[in-house]
Number of protein chains: 4
Amino acid sequence: MNKQHTAILHIHCPDQKGIVAAVTGFINQHNGNVLHLDQHVDFEQDVFFMRMEWTLADFDLTVDEFVTAFAPLAETYSMQFDLFEGAKPLRMAIFVSKQPHCLYDILSRHETGEFPVDIPMVISNHSDCGHIAERFGIPFHHLPVTPETKAAQEQEQIRLLEEAHVDFIVLARYMQILTPTLVDRYPSRIINIHHSFLPAFAGARPYHAAYARGVKIIGATSHYVTADLDAGPIIEQDIIRVSHRETIEDFIRRGRDLEKAVLSRAIWLHLRRQILVYNNKTVLFG
Amino acid sequence: MNKQHTAILHIHCPDQKGIVAAVTGFINQHNGNVLHLDQHVDFEQDVFFMRMEWTLADFDLTVDEFVTAFAPLAETYSMQFDLFEGAKPLRMAIFVSKQPHCLYDILSRHETGEFPVDIPMVISNHSDCGHIAERFGIPFHHLPVTPETKAAQEQEQIRLLEEAHVDFIVLARYMQILTPTLVDRYPSRIINIHHSFLPAFAGARPYHAAYARGVKIIGATSHYVTADLDAGPIIEQDIIRVSHRETIEDFIRRGRDLEKAVLSRAIWLHLRRQILVYNNKTVLFG
Amino acid sequence: MNKQHTAILHIHCPDQKGIVAAVTGFINQHNGNVLHLDQHVDFEQDVFFMRMEWTLADFDLTVDEFVTAFAPLAETYSMQFDLFEGAKPLRMAIFVSKQPHCLYDILSRHETGEFPVDIPMVISNHSDCGHIAERFGIPFHHLPVTPETKAAQEQEQIRLLEEAHVDFIVLARYMQILTPTLVDRYPSRIINIHHSFLPAFAGARPYHAAYARGVKIIGATSHYVTADLDAGPIIEQDIIRVSHRETIEDFIRRGRDLEKAVLSRAIWLHLRRQILVYNNKTVLFG
Amino acid sequence: MNKQHTAILHIHCPDQKGIVAAVTGFINQHNGNVLHLDQHVDFEQDVFFMRMEWTLADFDLTVDEFVTAFAPLAETYSMQFDLFEGAKPLRMAIFVSKQPHCLYDILSRHETGEFPVDIPMVISNHSDCGHIAERFGIPFHHLPVTPETKAAQEQEQIRLLEEAHVDFIVLARYMQILTPTLVDRYPSRIINIHHSFLPAFAGARPYHAAYARGVKIIGATSHYVTADLDAGPIIEQDIIRVSHRETIEDFIRRGRDLEKAVLSRAIWLHLRRQILVYNNKTVLFG
């Protein structure tokens, strides 16, 4: 991890000759020093992907100037690009229901400085985790949800999120399905943890389904939320082996460790701007 | 692994007090020395499972006598039981199509003595792997299958299997679906390798489906074949991590290693009589 | 996991015929119902190991009566045995230095009921983690250690531990080496987490050593503390893959997740009385 | 994997501004199309590493011309570089002793086209594997080694290797230590498989040592051979979990699967020119 003040650029465009030379030439010409460059061509789709990080110390363009100066080159290659400032901490909201294990894990990582992120709020449809947010000094909003109040409560969620300039949302075992109203405002910016190795056991009670099927591995999957339940771009997955001796309670208990780890890795990749979403899949840059 | 002449007993029955004491008392009384005892109660179903292995050196019953002598005790506890002679090598038929990697893996393990098994035949719907069977001195039967000839060829397969007293069948990437005629003759005795972590990506072309979904892990599953495609009792599963850099060809290439390993572990467990099938799930004894 | 009131028995003795029958017969005769029996013979050493758990509901012996009644049978087979009451929560002390990640992980598991354990104290040679213990309502004892004060402070630790009837100690990244005075009082009852896959990289700064060697996997190991540094019986180990792109800081960050998981699994096994130590190795019962 | 005719360039040099721009500009100017570019800066040592692969279809330089044309740029940045032709199969010799599992695995991968490599010979100090090489149509040289004949036999090995223009050597469980005479001729071009997770259990009988220590994981490590036994740059490692129920024979049996997989992955990376050795460590490009 690099502590310098840096900028990060994501690019994707139709593949053709000379893209890397053109882009690195541009950065060089403006006196940036490339720290990381990870480039990839998807030959099935003929799409070029790149993430580049460079130091801003001697760079002679501001962020706004970059966008203007880079536009002609981007147009030449039909690029879509995103620019991020590496040093600027993102603002993350956490949604949680009753189960606190992911919340604890995230807040303790935040407190110890592992996650360079601001956490302006925890939102929950239950009050159970309120004391945990309080311990860590994070504002807690209890917004109970019933079929009748769901739409109204989501409006309140959106108001809180926008007021606090939240950049992205983490669903830390939030047991409500978000409506398109909310999902569409945060494209590729809502991270969910699902407690199965998707696409197996999508939907409710995956540990019970895994137990019933008699699988020998169980898993967890972090993904960006889209309009399709549990079908968004997968960020990270992991599994553990289970045995016939284990009960559903064992699956749930051991699965919590998976959920914590897999969700935290997804948050880390998101914070480091290592994720590019394309065609409902993720490119995870090194 | 124990080289002594042993007997292995599988038991399942409704759970109640005193089963272990009764069974071990019986073995003790007939002068058997218990080497391994693995016992397990499924509390969801209240079913007792046990595998026990004991030495036959001083045991005062033959296999036939055991069945008669043990019957009253089995009846008392409503047991279903199976008795195996540990030293008697099983007879295994291998079915293969065009891809040779699992076949090579199995035959080389057999040749080096890793698998204590007799292999009376390799059956294939293609001729591609004939030279491999020949190299290892295993009879190869080329039985091409078309929709019209399928039924007749399966009759021929059954004839060959029965003539050779085959105990169980390994589908080493055999790309034909077996009909109930064959499946029903070998219950819990046909082992298939499927190239996905089931239940995800059942059916055809799982690597392509995994690639399309953008998963971060791919897997392989060995299971007993039942009438439902890719839905039989799972024996063993494993996975590898994949990256966005990898193509479908990479998935296929790397997946072969998974398939070889997962299939071989299933064969090993079957040979060691460590698998008990109950309610479409496997109990894998230690 | 079983919620009934149970007793757990650990046995080891020279292997011979009839042990299982004798022990299960004894339990049966006193009206206990065996829930779990895991038995294992180490053929290299000819040693018999067994863990058995049975319900106390109808059992006609108290713990004290059991010891007396079982003694003749134990003597017949030269058994060493330990009896535990499954329902009685153990009392666990946590030692910690500056790094809080394992402490947070353990305390949050405790709070959510995952660990059925009493935690009467956190002891630290630094004050950094005091506020964490406080948040969870656990008494925190700050006992700074210098070469001069080490012996005296250890006496104070022992006083605190004994006063609180502590059953076992968890070193949750405690960066001091315990002296034999303390270690000898808690044989097989002090669990340490070492941040390497032992025996590789024993001693100080294992992540730095792993980085220097250029390994492709890093690990963590939980073990019981003995007089030999990092050489006690291993309870659990796990690893993650690392790449050349990662710095020592990445190893340390990602290693924290390993340490948390591996330490917690060791605590779980200890709490469940699934660990038997023999000849500086652990038998982990199922 | 890309089937086009390509060139691959490895570079390392002190890190400074503009390297990527300069190199990709050079390729672009000569009409090469960059397919893969993986770049990495080791900030501890301030060293820049890069692997780049580009198509030769329209490239206007031959290999020889490239070296001359690129030299000024290389000098400017104090680069060390290696150029490879992607389409040219390497020539690989296999050394083996008595155990055939890695040999079988490699030869069957070769036969099925997985490894784009020529195998002009198998060399062994025993005759056991002769029939395997023969089956696959590979010349087998039986060169028995005693302390007295070792030097002479190594001269014969070198003669055979040079006569056949061997590019690199795979020690597929070859149980002899190579002398510097041979090692120095093939720097970073002799791949060994060691049956432990190095640096743990270097030297002889690692499975026995792992068993004696009571580890819960065992591993295998592939590395380039250097003058220091088992201390060369690590290419790939992997592990499996083991239990107290397993004997040394189980470790050996299950370890074979690890050895096969880990060695084959190292060969694959070597064939793809994805490995750069620097300071006794490997950079594995994506």
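Residues numbered from 1 in each chain as written. Chains lettered and ligands numbered in written order. Predicted model: local features only at pLDDT ≥ 70, side-chain atom pairs only at ≥ 80, totals over all residues. Heavy atoms only, no water.

K.L.:
Looking at this structure, how should I read the overall build of chain A?
P.N.:
Within chain A, the secondary structure is distributed over 8 helices and 13 strands. Taken over the C-alpha trace, chain A has a radius of gyration of 21 Å; the compact-globule value for 286 residues is 19 Å, and the two agree within 12%. Viewed in the frame of its principal axes, chain A has a C-alpha envelope of about 60 × 40 × 35 Å. Intrachain contacts of chain A at a sequence separation of at least 6 include 67% that bridge at least 24 residues. When the accessible area of chain A is evaluated, it comes to approximately 10,700 Å², of which 51% is carbon and sulfur surface. (Helix = DSSP H or I, 4+ residues; strand = E, 2+ residues; numbered from the N terminus. Rg over C-alpha atoms; globule rule 2.2 N^0.38 Å. Contact = heavy atoms within 4.5 Å. Areas by Shrake-Rupley, 256 points an atom, 1.4 Å probe, with all protein chains shown as cover.)

K.L.:
Explain the sheet that holds strand E11 (residues 234-241) of chain C here, please?
P.N.:
Whenever strands of a sheet pair, they do so through backbone hydrogen bonds, lying parallel or antiparallel. Residues and elements named next belong to chain C. Strand order in the open sheet formed by 7 strands is E7-E6-E5-E8-E9-E10-E11, with mixed pairing between adjacent strands. Strand pairing shows two members of the sheet lacking a second neighbour, strand E7 (140-142) and E11, which therefore form its edges. Taken pair by pair, the neighbouring strands of this sheet meet at an average axis angle of 20°, ignoring direction. The sheet contact formed by strand E5 (residues 90-96) and strand E8 (residues 168-171) spans 4 bridges and is parallel. (Pairing = 2+ DSSP bridges. Axes fitted to C-alpha atoms, helices over the stretch in contact; angles between N-to-C directions.)

K.L.:
Got a minute to help me understand the interface of chain B and chain D in this structure?
P.N.:
Interface extent is often summarised as the accessible area lost during association of the parts. Facing 24 residues of chain B, the contacting portion of chain D comprises 24 residues. For the chain B and chain D pair, buried surface summed over both sides reaches about 2,100 Å², with 43% attributable to carbon and sulfur atoms. Along the contact surface separating chain B from chain D lie 8 salt bridges. Across the salt bridge formed by Arg135 of chain D and Glu111 of chain B, the nearest N and O atoms sit 2.5 Å from each other. Put simply, chain B and chain D have 13 residue pairs in polar contact (both at pLDDT 80 or more) between them. Broken down by secondary-structure element, the contributors of at least two residues to the side of chain B that touches chain D are strand E2 (33-42), helix H3 (101-111), helix H4 (130-135) and helix H8 (248-271) of chain B. Per-element tally for the side of chain B that touches chain D: the top contributor is H8 of chain B, with 6 residues. Of the residues that constitute the side of chain B that touches chain D, the class distribution is 7 nonpolar, 6 polar and 11 charged. (Buried area = accessible area lost by both parts, 1.4 Å probe. Salt bridge = Lys/Arg side-chain N within 4 Å of Asp/Glu carboxyl O. Polar contact = N/O pair within 3.5 Å; in protein donor to acceptor, adjacent residues only side chain to side chain. Nonpolar A, V, L, I, M, F, W, Y, C, P; charged D, E, K, R; others polar.)

K.L.:
Honestly, the relation of the copies chain B and chain D in this entry has me stumped. Any pointers?
P.N.:
Between the two copies of the chain lies a rotation about an axis combined with a shift along it. The two copies are related by a screw operation: chain B maps onto chain D through 180° of rotation and 0.0 Å of translation along the axis, at an RMSD of 0.0 Å. The operation mapping one copy onto its partner corresponds to a two-fold rotation axis. Using C-alpha coordinates, one finds that chain B approaches the rotation axis most closely at Arg135 of chain B, a distance of 3.3 Å. In this assembly the copies share their binding face: 100% of the residues contributing to the interface of chain B also contribute to that of chain D. (Least-squares fit on C-alpha atoms with pLDDT ≥ 70 in both.)

K.L.:
How do you make sense of the packing of aromatic side chains when you look at a structure like this?
P.N.:
Geometry of an aromatic ring pair is reported as the spacing of the ring centres plus the angle between the planes. With the rule as written, the count across this model stands at 57 aromatic pairs over all chains. An aromatic cluster is present here, built from Phe26, Trp54, Phe59, Phe66, Phe70 and Phe81 of chain A joined pairwise through their rings. Geometry around Tyr211 of chain A places Lys281 of chain B over its ring, the cationic atom sitting 3.7 Å from the centre. (Phe/Tyr/Trp six-rings, centres within 6.5 Å; stacked < 30°, edge-to-face > 60°. Lys NZ or Arg CZ within 6 Å of the ring centre and 35° of its normal.)

K.L.:
Help me out: how do you make sense of the relation of the copies chain A and chain B in this one?
P.N.:
Mapping chain A onto chain B is achieved by rotating through 180° and translating by 0.0 Å along the same axis, at an RMSD of 0.0 Å. Comparing contact sets, 100% of the residues at the interface of chain A also lie at the interface in chain B, consistent with an isologous, same-surface contact.

From the geometry alone we can't say anything about function, so treat these as descriptive.
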